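# Structural overview
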Amino acid sequence: VDTPITDAGLAHLSGLGRLSVLHLVGTNVTDAGLAHLRPLKNLTDLWLNDTAVTDAGVDHLTDFPRLVLLFLENTRI
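Predicted model only: the values in this text are computed from it and were never measured. (Residues numbered from 1 in each chain as written. Predicted model: local features only at pLDDT ≥ 70, side-chain atom pairs only at ≥ 80, totals over all residues. Heavy atoms only, no water.)

## Some thoughts on the overall build of the protein chain
Of the regular secondary structure elements, the protein chain holds three helices and three strands. In sequence order, the protein chain lays out its α and β elements as α-β-α-β-α-β. What you see for the protein chain is a C-alpha radius of gyration of 11 Å, in line with the 11 Å of a compact globule of 77 residues. Each principal axis of the C-alpha atoms in the protein chain carries an extent, and together these give about 25 × 20 × 20 Å. Within the protein chain, the fraction of its 77 residues that count as buried is 31%. Taking all contacts inside the protein chain whose residues are at least 6 apart in sequence as the whole, residues at least 24 apart take part in 50%. For the protein chain, the separation between the mean place of its 5 positive charges and that of its 9 negative charges on side chains is 12 Å. (Helix = DSSP H or I, 4+ residues; strand = E, 2+ residues; numbered from the N terminus. Rg over C-alpha atoms; globule rule 2.2 N^0.38 Å. Buried < 20%, exposed > 50% of the residue type's maximum accessible area, 1.4 Å probe, protein only. Contact = heavy atoms within 4.5 Å. Lys, Arg positive; Asp, Glu negative; His and termini not counted. Charge placed at Lys NZ, Arg CZ, Asp CG, Glu CD.)

Pasting the structure below:
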């Protein structure tokens, strides 16, 4: 883990509705943290490489109408 961002820290991003690119590479983010991203409908790029995200976490990512790039290298998917 390169950056100490946690699931709880992602809750603070929910009000950033205009956010379009989010890099969470090498963080402590898990499936539970991805639920906090649901309000971010303008996300186009989401980088989750080197996190503990699993198949279950992908369910939180199904409602992003503008998502074009999703990076999941070295996850538990």
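## Focus: the pattern of salt bridges
By the definition in use, this model includes one salt bridge. The salt bridge partner of Asp63 is Lys41, with a shortest N-O separation of 2.7 Å. Of the two residues, Asp63 sits in the loop between α3 (55-58) and β3 (69-71) while Lys41 sits in the loop between α2 (31-34) and β2 (45-47), which places them 22 residues apart along the sequence. Owing to a relative accessible area of 48%, Asp63 belongs among the partly exposed residues under this scheme. Residue classification places Lys41 among the partly exposed residues on the basis of a relative accessible area of 30%. (Salt bridge = Lys/Arg side-chain N within 4 Å of Asp/Glu carboxyl O.)

## Some details on unusual backbone geometry
Its identity as a non-glycine residue notwithstanding, Asp50 has a phi of 60°, on the positive side. With respect to the element layout, Asp50 can be found in the loop between β2 and α3. By relative accessible area, Asp50 is classed as partly exposed at 37%. Not every positive phi belongs to a glycine, and Asn74 is a case in point at roughly 60°. Inspection of the secondary structure assignment puts Asn74 in the segment after β3.

## Considerations on the sheet that holds strand β1 (residues 21-23)
In space, the three strands of this open sheet follow the order β1-β2-β3, with parallel pairing throughout. In this open sheet, the two edge strands, each paired with only one partner strand, are β1 and β3. The average undirected angle you get between the axes of adjacent strands in this sheet is 5°. In terms of strand pairing, β1 meets β2 through three bridges, oriented parallel. Paired with His23 across the two strands is Trp47, which belongs to β2. (Pairing = 2+ DSSP bridges. Axes fitted to C-alpha atoms, helices over the stretch in contact; angles between N-to-C directions.)

## Description of the confidence of the model for the protein chain
Residues at a pLDDT of 70 or more form 97% of the protein chain, whose mean pLDDT is 94. Per-element confidence in the protein chain is highest for β2, whose mean pLDDT is 98, and lowest for α3, whose mean pLDDT is 94. (pLDDT = per-residue confidence, 0-100.)

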